[in-house]
Amino acid sequence: MKKKWLFGLLGAVAAFAFPVSAFAAEGELTAPVLEIGLKSLFVFLAAMLVFFMQAGFALLEAGSVRMKNAGHVAGKTVLTLGITVIVWWAFGFGFAFGDGNSFLGTTGFFYGGQDAIGSFSVFSEVGVPLDLMFLFQMAFAAVSLAIACGGMAERAKLSVYIVFGVLFLTIMYPIVAHWVWGGGWLGSLGMQDYAGSTVVHLTGATAALAATILLKPRLGKYSKDGKPNSIPGHNQVLTVLGVIILWIGWFGFNPGSALTPLGDGFFGYVLMTTNLAAAAGAVAALLISWAVMGKSDIPSMLNGVLAALVAITGSCAFVDAWASIVIGAVAGVLTFFTARWFERAGIDDPIYAFSVHGIAGVWGAISTGLFATPELVETTGVGKAGLFYGGGFGQLGVQLLGVVGTFAFVLALSFLLLGGMKMLMGLRVTEEEEMMGLDISEHGTYGYPEQMNLLNQGGLAADPGAKAGADKPRIVKSDPAL
């Protein structure tokens, strides 16, 4: 009885949400049209959850940087979101999902709405309006770009985000998406990537790695002997809130990829494995940080949550519940150690984009080759069972091929594009601008104007040329921690 009431309510909401398609020509609500309405409402809500993940990224990244850069980093999130919407409409959606060849789509550019369905045969039988699939996949692309830009924090020019964002969403992310989801060569081999451990996260993280290497470390990050110095973010509360928002947003990411609430409710199972993995990643990362550092480290726990979510993104529909806990816990531990290793190796990644999204993305792709069950493979209709379930090394080999192919393609193209940008326009702000902070140097105002002005005035006390209470903020260059 409760299920009948629930589906009745959903049907009524769908009818109001989609009035044009919700009624038959005679004005009666029919079963097929109701099904389309329910699926459409489901995908719309999932897209909004994924879209709202940008708020999580804004809080996470702003809290992870210093106060003098917080406004810039948060505002950059809105900028890259705007770039995503426009470029995805013009080129990205066509390259990713348009009909074409095994490498990229060649139709559907400058997307014109539902009437363009003939250019996107991959969506011809999903039972959801093409406009909603455009929106849903656009939200995924925005997440990947947010990851790619994360490694540039606190030292990249604002113009770099614009130029690289356009290039990334035109010739990088859409091509990988086409390989796996758009009828490309990896999809034809049966690669299992339910919601994007490889397509979304490894792609974005690999681009972030290239950017981080080319930009070089922030001022003051390493001492003369090469040892890393701690540059903590200015607000841990913001990072916690950001992770919670991202955790919730992932319920649109993974369960939403089922594209329907109907049938046996498979999206609920995907939600369960997603949630279990995230919890396991949080606990495992906190415990390993406690064991290694002697103190339980909150940033490590937060990275553990995100890494676990990244890892389970590709495998959530293919593995048993117990395996999702293992996958999440391993991801949390891997991220803790790889983040420290990359830092010691001289790679200054302020938000640990590659260890959280790259390493965990690789593990997530490999995990399906190990843990995919025959029953769930049959349910999804993708690939074969994993090694531990009698499937041999076949699926594991496909997963490894997908990881290596994606990493090599994105890394090479990122170095080529960013290297060219470095020669033509430069990637990094000047040393003086970096010391001032990107809030003031790039935008002319601070994200925290009262606090920064107080800090600057306090620092001017020893400056005989400074006027007490001066209105114009000045930075003491010997203090990069501001």
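Residues numbered from 1 in each chain as written. Predicted model: local features only at pLDDT ≥ 70, side-chain atom pairs only at ≥ 80, totals over all residues. Heavy atoms only, no water.

**Q** Help me understand the overall build of the protein chain in this model?
**A** When you go through the protein chain residue by residue, the secondary structure sums to 18 helices and zero strands. The buried share of the protein chain, reckoned over its 482 residues, is 53%. Of the contacts made within the protein chain by residues no fewer than 6 positions apart, 73% connect residues no fewer than 24 positions apart. With an accessible surface of roughly 19800 Å², the protein chain has 69% of that area assigned to carbon and sulfur atoms. (Helix = DSSP H or I, 4+ residues; strand = E, 2+ residues; numbered from the N terminus. Buried < 20%, exposed > 50% of the residue type's maximum accessible area, 1.4 Å probe, protein only. Contact = heavy atoms within 4.5 Å. Areas by Shrake-Rupley, 256 points an atom, 1.4 Å probe, with all protein chains shown as cover.)

**Q** For this particular structure, what's the right way to read the packing of helix H2 (residues 31-64) against helix H4 (residues 130-150)?
**A** If you want to describe how two helices pack, look at the angle between their axes and the distance between the axes. In contact at an axis separation of 9 Å, H2 and H4 are set at 15 degrees when each is read in the N-to-C sense. In terms of orientation, H2 and H4 fall into the roughly parallel class. Considering only the axes of H2 and H4, their crossing is left-handed. Every residue of H4 that contacts H2 at Ser40, Val43, Phe44, Ala46, Ala47, Met48, Val50, Phe51, Met53, Gln54, Phe57 and Glu61 is listed here: Leu132, Leu135, Phe136, Met138, Ala139, Phe140, Ala142, Val143, Ala146, Ile147 and Gly150. Class assignment for the residues of the contact of H2 with H4 results in 19 nonpolar, three polar and one charged. (Axes fitted to C-alpha atoms, helices over the stretch in contact; angles between N-to-C directions. Parallel < 35°, antiparallel > 145°, perpendicular 65-115°, else oblique. Left-handed = near helix turned anticlockwise from the far one by under 90°. Nonpolar A, V, L, I, M, F, W, Y, C, P; charged D, E, K, R; others polar.)

**Q** How should I be thinking about the packing of helix H3 (residues 70-97) against helix H6 (residues 173-181) in this particular structure?
**A** At a closest axis distance of 6 Å, the pairing of H3 and H6 adopts a crossing angle of 30 degrees. If you check the angle between H3 and H6, you find them roughly parallel. As for how H3 packs across H6, the hand of that crossing is right-handed. Contact with H3, carried on its side by Trp88, Gly92, Phe95, Ala96 and Phe97, involves Tyr173, Pro174, Ala177, His178 and Trp181 of H6 and no other residues of that element. When the residues that make up the contact of H3 with H6 are grouped by side-chain class, the tally is eight nonpolar, two polar and no charged.

**Q** Just to check I follow, could you spell out the pattern of salt bridges for this structure?
**A** Opposite charge on two side chains allows them to pair when their charged atoms are near. One pass over the full model with this rule turns up seven salt bridges. Taking the shortest distance from any N to any O, the salt bridge between Lys39 and Glu35 comes out at 3.3 Å. With Lys39 and Glu35 both in helix H2 and four residues apart, this pair spans about one turn of that helix. For Glu35, a relative accessible area of 36% corresponds to the partly exposed category. Note that Lys221 is salt-bridged to Glu343, the shortest N-O span being 2.6 Å. With Lys221 in the loop between helix H8 (197-215) and helix H9 (236-253) and Glu343 in helix H12 (residues 321-344), this residue pair connects regions lying 122 residues apart in the sequence. The pair formed by Lys221 and Glu343 is uniform in burial state, with each residue classed as buried. (Salt bridge = Lys/Arg side-chain N within 4 Å of Asp/Glu carboxyl O.)

**Q** Explanation requested: the side chain of Thr373 in the structure shown.
**A** For Thr373, the position within the fold is in the loop between helix H13 (353-371) and helix H14 (374-380). Among the residues examined, Thr373 registers a relative accessible area of 1% and is labelled buried.

**Q** Would you take a moment to explain the packing of aromatic side chains for this structure?
**A** Note on aromatic pairs: each is described by the distance of the centres and the angle between the planes. Here the structure, examined in full by the defined rule, presents 33 aromatic pairs. Ring centres 5.5 Å apart and planes at 65 degrees place the aromatic pair Trp179 and Trp185 in the edge-to-face group. Given a relative accessible area of 26%, Trp185 falls into the partly exposed group. Judged by centre distance (5.0 Å) and plane angle (55 degrees), the rings of Trp179 and Phe409 are tilted. Placement of Trp179 in helix H6 and of Phe409 in helix H15 (residues 394-424) is noted, with a sequence separation of 230 residues between them. (Phe/Tyr/Trp six-rings, centres within 6.5 Å; stacked < 30°, edge-to-face > 60°.)

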